[in-house]
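Listed below, chain by chain, are the residues.
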Amino acid sequence: MYIQVALPVPLPRLFSYRPIEGRPLPLPGIRVQVPFGNQSQVGIVVSHGPEPDLDPAKIKPVKAYLDDAPLLSPSLWKLAQTASRYYFTPLGLVLPQMIPVKLRKGESAEPAPVTVWQLTPEGTETTLDTLKRAAQQQRIIAYLQAGKRLEEGQISALEFSRPALKALADKGLTETITEQPAIADGWDQDWQGGEEAPQLNPEQAIAVTAINQHDGFGCFLLDGVTGSGKTEVYLSVMAETLRKGQSVLVLVPEIGLTPQTIARFRRRFPLPMEVLHSAVNDSERLASWQRARAGGAAIVLGTRSALFTPLPSLGLIVIDEEHDASFKQQEGFRYHGRDLAVMRAQLENVPIVLGSATPALETLNNVQQGRYRHLTLTRRAGAGQPVRQILQDIRHLPLDAGLSPPLIQRIRQHLDDGNQVMLFLNRRGFAPALLCHECGHLHECNRCDAFYTVHQASNMVQCHHCGSQKRLPSQCPDCGSTQLFTRGVGTEQLEQALARLFPDAPAVRIDRDSTSRKGSLEAMLERIRSGEVKILVGTQMLAKGHHFPDVTLVGLLDVDSALFSADFRASERLAQLYTQVAGRSGRASKKGEVVLQTHQPEHPLLHQLLGAGYGAFAKDALTERQQAQLPPYWQLAVIRAEANQSHLAQGFLQQAKSLLPAGPVQMIGPMAAPLERKAGKFRFQALLLAPDRRTLQQTLEPWLARLPELESAKRCRWHLERDPQDLL
Ligand code: ADP
Ligand code: ZN
Ligand code: ZN
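Counting from 1, residues in each chain are numbered in the order their sequence is written. Written order decides the labels, with chains lettered from A and ligands numbered from 1. In view of the model being predicted, local features appear only for residues whose pLDDT reaches at least 70, and side-chain atom pairs are presented and counted only at 80 or more, with totals across whole chains, interfaces and linings using the full set of residues. Calculated side-chain values reflect all of the structure's heavy atoms, with hydrogen atoms and water omitted.

A. Representation of the coordination of the zinc ion (ligand 3) in the model. Coordination partners: N, O, S within 2.8 Å of the metal, 3.2 Å for Na, K and Ca; water not considered, so apparent gaps in a site are possible. Distances from the zinc ion (ligand 3) to its protein donors, Cys445 (SG), Cys448 (SG), Cys463 (SG) and Cys466 (SG), fall at 2.2 to 2.4 Å. Spacing between the donor residues of the zinc ion (ligand 3) along the chain follows C-x2-C-x14-C-x2-C.

Laid out in structure tokens, this is it:
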């Protein structure tokens, strides 16, 4: 009997090891330390069995068993298997993503024992006077004699000196003991207190009843604009679940997990809540995982990967802004957090609520097919008046940093009325290109097929595809001219122009550059809420779920690029962005305006969005997708290859294509990726389309198993992505 182990290597297979003699076989789900090549790896046991293909002498023994019991609950274990198959990703890449980083590295899954300092009998008797020449030691003894607890983790916060601690131990006045920390395995389901819930409006009440009355797995789309009271619905349904002693998993996009959101949940529920987002460090994550696994977490609120948190009595899953692209993991195990959360809900047999003002077309299709129940909130809580929409034709108009004179006029008006203005431009930096006026040379990244973006504030040019950067050149590398001009407008330039045009209206810019420091986004949002800032400039980062009641004018400076993108999802994204930002304007009692600047004022998509709204747009877009044989009707995967030379990447895909059986799965390509060269690598891709899941699964599984054998596969890097969100 051997043990089959999943290892974090990109090979679609398990690895056999010899169990440790004299010990019971480790159960599936237990971590093991094993030799791999000339390294040591942490793997997870998947099964036991004979190994007919290998010489028994070559099968190496396991070095150590790292757990006494499986790390994953039966339903999470099943989720791993399902996800591995669905995403054509080896278990060895799936499983590590489902556990905290520290566990991937082999640390103990049990809470670490803590060191506690305490007084010896001598220490209890001693008088502080005897230590008056050792002030540090005196402070420590005073602290302990006051009956307070001193743990290792508190020493620096209390500013106790280590030499003093050691001196006290040497004198026999203190001693240390190690204790297993107590982890709560429950909470009070009859909790008292917490902020009172408002009286629900009729639509909210219908939604809450529909979800509460449901038993077992069921998927609900809660469709309502920002401010329509979706969060209130979540809170109300959560209260019901928590009263039953069951916990709730809430997933939100990274940017939506602000201190305000967290505080709102905490105010409502005075219960243990684990918060997981990118700023939480590995130790904190492990501690959260341990508490949740023990049953001590009533609520887990987190971003994408929080979906794997173990919860022994999970009762409900909520996903806010379910359409958000940040739920998709873009590397390694390329899963969609929303879709896996639905699978988890199914495996755990609990309801799941997906909330959005602009549901993904996939989700709307599931509603149309009768798989999800559609609940709508049409009224904005508080506010009343619909937004005025203006399609601004900018053909022939002079633009100042992307702003047309009519838009400038409107900005002035809204500022004069004491309101805030929000402007969107989906391009960070100062300008997207640097051009030589003498010879026309455009500064290109030498590792990518892309122009450098000029960042004036840092005096650099930067490639937004590979991240490489260098000093802003003062001369053209081709002709030596110093006449270098920027082309196009980015948020940095827009911010400067606004300072010039509206010197009395403080502006703030929100994009990846301005918010890279931890806490800086929060500080900016606070300046906006307080009213100190009058103009908000940003990329789509600004579009997500923030409430700014004093914004009465929203401007989208350039919507044309999305109308002509090579990516079939671009129009859906534009429609979502537009609807989300239109929902930002004129909330309270003030009437809002939204301006779209375009060179394509006749474009049917724009007319439909403005005239009939997102729902109507989505309906037509779905029909188009169906006719074009695209997702969500057709199943899509993309196979990508990159190599140092373009023929290697292309050649691999060509060979792969020749292995694909003729039949219902179509392979379109290989073709060069829209960004053909990135970070020095040549990139090719091919689309795989099938009419249904089963066909895709059954055709690709055996096909993929053969690809690693191809000679050309060894000369490039390749991967397959199911349900790609981005085809660049
Ligand atoms: P969404 O999540 O859809 O953006 P929220 O639930 O945050 O909407 O609601 C927007 C605002 O309206 C919040 O300030 C919320 O407290 C308030 N609100 C929501 N529902 C009600 C209600 N039934 N009665 C009073 N205020 C409500
Ligand atoms: Zn030149
Ligand atoms: Zn580059």
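B. Region of interest: the site of ligand 1. Around ligand 1 sit 16 residues, and of these Gln199, Gln204, Gly227, Thr231 and Arg264 come closest. Contact between ligand 1 and Lys230: an oxygen atom at 2.8 Å from a main-chain N or O atom of the residue. Under the rule applied, a polar contact is a pair of N or O atoms within 3.5 Å (in protein, one hydrogen donor and one hydrogen acceptor; residues adjacent in sequence only if both atoms are side-chain atoms). In the environment of ligand 1, an oxygen atom lies 2.5 Å from a nitrogen or oxygen atom belonging to the side chain of Thr231. Residue-level accessible areas treat just the shown protein chains as cover; the underlying method is Shrake-Rupley with a 1.4 Å probe. Notes on ligand 1: free accessible area 550 Å², of which the protein chains cover 71%. Strands here mean DSSP runs of E at least two residues long; helices mean DSSP runs of H or I at least four residues long; both are numbered from the N terminus. The leading source of residues in the shell around ligand 1 is helix H9 (residues 230-243), at three residues. Just so you know the grouping, Ala, Val, Leu, Ile, Met, Phe, Trp, Tyr, Cys and Pro go in nonpolar, Asp, Glu, Lys and Arg go in charged, and all remaining residues, Gly too, go in polar. Residue composition of the shell around ligand 1, grouped by class: four nonpolar, nine polar and three charged. When we say a residue is near a molecule or strand, we mean one of its heavy atoms is within 4 Å of it.

C. View of the packing of aromatic side chains. Stacked, tilted and edge-to-face pairs are distinguished by plane angle, under 30 degrees for stacked and over 60 for edge-to-face with tilted covering the rest, among Phe, Tyr and Trp rings (Trp via its six-membered ring) whose centres lie within 6.5 Å. For the coordinates displayed, the defined rule picks out nine aromatic pairs. Between Tyr86 and Tyr87, the ring centres sit 4.8 Å apart and the planes meet at 80°, which makes this aromatic pair edge-to-face. Assigned by exposure class, Tyr86 and Tyr87 land together as buried. Taken together, Tyr86, Tyr87, Phe308, Phe333 and Tyr335 form an aromatic cluster joined through their ring pairs. Relative accessibility thresholds used throughout: buried, under 20% of the residue-type maximum; exposed, over 50%; partly exposed, between the two (1.4 Å probe, protein chains only).

D. Quick look at the packing of helix H18 (residues 570-582) against helix H19 (residues 604-612). Axis lines are fitted to C-alpha atoms, over the contacting stretch for helices. Their N-to-C directions set the angle, which ranges from 0 to 180 degrees. Axis separation between H18 and H19 bottoms out at 11 Å; the angle between their running directions is 35°. In the crossing of H18 with H19, the sense of the turn from one axis to the other is right-handed. In this structure, H18 uses Ser571, Leu574, Ala575, Tyr578 and Thr579 to contact H19, whose residues at the interface are Leu605, Leu606, Leu609 and Leu610. Residue composition of the contact of H18 with H19, grouped by class: seven nonpolar, two polar and no charged. What makes a crossing left-handed is the near helix being turned counterclockwise from the far one by less than a right angle; a clockwise turn instead makes it right-handed. Only heavy atoms enter the contact rule, under which two residues are in contact if any of them lie within 4.5 Å.

E. View of the domain arrangement of the protein. Partitioning the protein into structural domains gives domain 1 (2-104), domain 2 (114-179), domain 3 (202-234 + 241-377), domain 4 (388-429 + 490-626) and domain 5 (635-722). Either an automatic procedure or a domain database provided the assignment from which the domain bounds are taken. Distance from the C-alpha centre of domain 2 to the C-alpha centre of domain 5: 65 Å.

F. Highlighting the coordination of the zinc ion (ligand 2). Around the zinc ion (ligand 2), the protein supplies Cys436 (SG), Cys439 (SG), Cys476 (SG) and Cys479 (SG) as donor atoms, at distances of 2.3 to 2.4 Å. Geometry is assigned from the angles between donors: four donors with all angles from 85 to 135 degrees make a tetrahedral site, four or six donors whose opposite pairs exceed 155 degrees while the rest stay between 65 and 115 make square planar or octahedral sites respectively, and everything else is labelled irregular. For the zinc ion (ligand 2), the four donor atoms in the first shell make angles of 104 to 112° at the metal, a pattern classed as tetrahedral. Mapped onto the sequence, the donors of the zinc ion (ligand 2) take the spacing C-x2-C-x36-C-x2-C. Cys476 gets classed as buried once you look at its relative accessible area, which sits at 4%.

G. Summary view of H9. Its 14 residues place the ends of H9 20 Å apart at the C-alpha level, agreeing with the 20 Å of an ideal helix rising 1.5 Å per residue. By the criterion of burial, H9 is predominantly enclosed, with 10 of the 14 residues buried. Along H9, the residues that are buried comprise Lys230, Thr231, Glu232, Val233, Tyr234, Leu235, Val237, Met238, Thr241 and Leu242. Positive phi appears at Gly245, one or two residues downstream of H9, with a value of about 80°. Expected span of a helix, by definition, is 1.5 Å for each gap between consecutive residues, and there is one gap fewer than residues.

H. Here's a closer look at unusual backbone geometry. A cis amide bond links Pro631 to the next residue, Pro632, at an omega of 5°. Along the chain, Pro632 falls in the loop between helix H20 (614-627) and strand S27 (635-643). In this model, Ala679 sits at a positive phi of 50°, which is unusual for a non-glycine residue. With respect to the helices and strands, the residue Ala679 is situated in the loop between strand S28 (666-678) and strand S29 (681-690).

I. Focus on the nonpolar core. Counting 97 residues, the largest nonpolar core has Leu95, Ile317, Leu340, Ile352 and Phe424 as the members making the most contacts within it. Discounting residues that sit within four places of it in the chain, Ile352 has contacts with Phe217, Gly218, Cys219, Phe220, Ile317, Ile319, Ala341, Val342 and Ala345. Here, nonpolar core refers to any group of buried Ala, Val, Leu, Ile, Met, Phe, Trp, Tyr and Cys residues whose side-chain atoms link them within 4.5 Å. Counting 32 residues, the second-largest nonpolar core is a separate cluster that includes Val237, Leu257, Val318 and Val353.

J. Summary view of the sheet that holds strand S20 (residues 460-462). A pair of strands is considered paired only if DSSP assigns at least 2 bridges between the two. Reading across from one edge, S19-S20-S21 is the order of the three strands in this open sheet, with antiparallel pairing throughout. Only two strands of the sheet have a single neighbouring strand rather than two, namely strand S19 (453-455) and strand S21 (469-471). Between one strand axis and the next, the sheet turns by 25° as a mean value, whatever way the strands run. Of the strand pairs in this sheet, S19 and S20 are connected by three bridges, and their pairing is antiparallel. Counterpart to Val454 in the pairing with S20 is Val461.

K. A look at the packing of H18 against H20. The interhelical angle for the contact between H18 and H20, taken along N-to-C directions, is 175°, at an axis separation of 11 Å. In this view, H18 runs roughly antiparallel relative to H20, as classed from their interaxial angle. Note on element contacts: H20 touches H18 through Tyr614, Phe617 and Arg625, opposite Ser571, Glu572, Ala575, Gln576 and Thr579. Roughly parallel means an angle under 35 degrees; roughly antiparallel, over 145; roughly perpendicular, 65 to 115; everything else is oblique.

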